[in-house]
Amino acid sequence: NYPIHYVGNPTMDEVTAFKAEHSETFEDFINRHNLPNKPIIAILAGSRKQEIKDNLKKMLDTASKFPSHQLVLAGAPGILPEYYKEFIGNHNVGIIFNQTYYLLQQADIALVTSGTATLETALFNVPQVVCYYMAAGKVISFLRKLVLKVKYISLVNLIAGEEVVKELVADSMTIENLYNEVNRLINDSDYRQNMLNGYEKMSNILGSPGAPLHAAHEIVKLIKKRKTTS
């Protein structure tokens, strides 16, 4: 029965601060990384090797079906380029390490494994598909319905309390399903706008940036209250 005081979200603080400090244009970004002048599908395949192994090839196989866009992979810290090459194959993919926020700032859409990256992508207003394939997908999907007490796995949907972004998890993470979702994000302007509207709702729920300062104010307020009642 402890009282809870919500003070904000540090990811909101980080993204807001980045946007305030960086205003790179699309042209400058692609020139800096020697990329072609085409809209970007950002690939955020996770930070762990197993996530990358399970998801990256399907993400690339699907995204490469859209020649109007180029594919740019956000390299995770601690993952060597050689590991990514095992799954890239013949796909034409740019890889950028340690600059995920720079990439999201310029991306047209994103394919994202579940985690903090889904929230970061939403705060950059990039329409996304949440991808999380797992072996024995049908079994996992069945157990998920029995065990999990929440409807969603992505932070975006959990915060909004509704399906803002499509979650392709376990056995639903197929190339066909992923293709259909990417196609809608690229070609269905109403669908795309609905997702951006959902992002705005989620952002309003998160509140304004400044979580550390808000926390400090709450602490001081509680200390003062305790002194006056003791």
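All values reported here derive from a predicted model rather than from experimental measurement. (Residues numbered from 1 in each chain as written. Predicted model: local features only at pLDDT ≥ 70, side-chain atom pairs only at ≥ 80, totals over all residues. Heavy atoms only, no water.)

### Here's the deal with the overall build of the chain
Summing up its helical and strand segments, the chain has eleven helices and six strands in all. By principal-axis analysis of the C-alpha atoms, the chain measures approximately 70 × 50 × 40 Å. Scored against the burial criterion, the 230 residues of the chain give a buried share of 44%. At a minimum sequence separation of 6, the contacts of the chain that also span at least 24 residues come to 69%. By element, 54% of the accessible surface of the chain is carried by carbon and sulfur atoms, the whole surface being about 12,800 Å². Within the chain, the 23 negative side-chain charges are centred at a point lying 8 Å from the centre of the 24 positive side-chain charges. (Helix = DSSP H or I, 4+ residues; strand = E, 2+ residues; numbered from the N terminus. Buried < 20%, exposed > 50% of the residue type's maximum accessible area, 1.4 Å probe, protein only. Contact = heavy atoms within 4.5 Å. Areas by Shrake-Rupley, 256 points an atom, 1.4 Å probe, with all protein chains shown as cover. Lys, Arg positive; Asp, Glu negative; His and termini not counted. Charge placed at Lys NZ, Arg CZ, Asp CG, Glu CD.)

### Let's talk about the nonpolar core
Ile-43, Leu-56 and Leu-111 are the most contacted members of the largest nonpolar core, which totals 62 residues. Those residues within four positions of Ile-43 in sequence are excluded, and the remaining contacts are Leu-56, Met-59, Leu-60, Ala-63, Val-72, Leu-73, Ala-74 and Leu-111. (Core = buried A, V, L, I, M, F, W, Y, C linked by side-chain atoms within 4.5 Å.)

### Section: the packing of helix α1 (residues 10-21) against helix α6 (residues 116-123)
Orientation of α1 relative to α6, taken along the N-to-C sense of each, is 40°, at an axis distance of 10 Å. Judged on the interaxial angle alone, α6 and α1 are oblique. Every pair of crossing elements has a handedness; the one defined by α1 and α6 is right-handed. Across the interface between the two elements, Thr-11, Met-12, Val-15 and Lys-19 of α1 pack against Thr-116, Leu-119, Glu-120 and Leu-123 of α6. Along the lines of polarity and charge, the residues of the contact of α1 with α6 split into four nonpolar, two polar and two charged. (Axes fitted to C-alpha atoms, helices over the stretch in contact; angles between N-to-C directions. Parallel < 35°, antiparallel > 145°, perpendicular 65-115°, else oblique. Left-handed = near helix turned anticlockwise from the far one by under 90°. Nonpolar A, V, L, I, M, F, W, Y, C, P; charged D, E, K, R; others polar.)

### A closer look at the environment of His-33
Relative to the assigned elements, His-33 resides in the loop between α2 (26-32) and β1 (40-44). Along the sequence, His-33 and Ile-95 sit 62 residues apart, while their C-alpha atoms lie 9.2 Å from each other. Residues contacting His-33, with those up to four places away along its chain left out, are Ile-96 and Gln-99. Among the polar contacts made by the side chain of His-33, one reaches the side chain of Arg-32 at a distance of 3.5 Å. (Polar contact = N/O pair within 3.5 Å; in protein donor to acceptor, adjacent residues only side chain to side chain.)

### Here's the deal with unusual backbone geometry
Phi is positive for Asn-34, close to 55°, though the residue is something other than glycine. Given the relative accessible area of 72%, Asn-34 is considered exposed. For Asn-98, which is not a glycine, the phi torsion comes out positive at approximately 60°. Relative to the assigned elements, Asn-98 resides in the loop between β3 (93-97) and α5 (100-106).

### Some points on the sheet that holds β1
The strands making up a sheet associate through backbone hydrogen bonding, with each pair oriented either parallel or antiparallel. Read from one edge to the other, the open sheet built from six strands follows the order β3-β2-β1-β4-β5-β6, with strand pairing classed as parallel. For this open sheet the edge positions go to β3 and β6 (166-169), each flanked by a neighbour on one side alone. Averaged over all pairs of adjacent strands, the angle between strand axes in this sheet comes to 20°, irrespective of strand direction. Its contacts with the sheet place α6 against β1, β4 (109-113) and β5 (128-132), and it is angled at close to 160° to β4. Those strands touched by helix α9 (residues 175-187) are β1, β4, β5 and β6, and its axis lies near 165° from that of β5. (Pairing = 2+ DSSP bridges.)

### Regarding the environment of Leu-222
Positionally, Leu-222 belongs in helix α11 (residues 211-229). Leu-222 sits in the partly exposed class, given a relative accessible area of 39%. In this structure, the C-alpha to C-alpha distance between Leu-222 and Tyr-152, residues 70 residues apart in sequence, is 34 Å.

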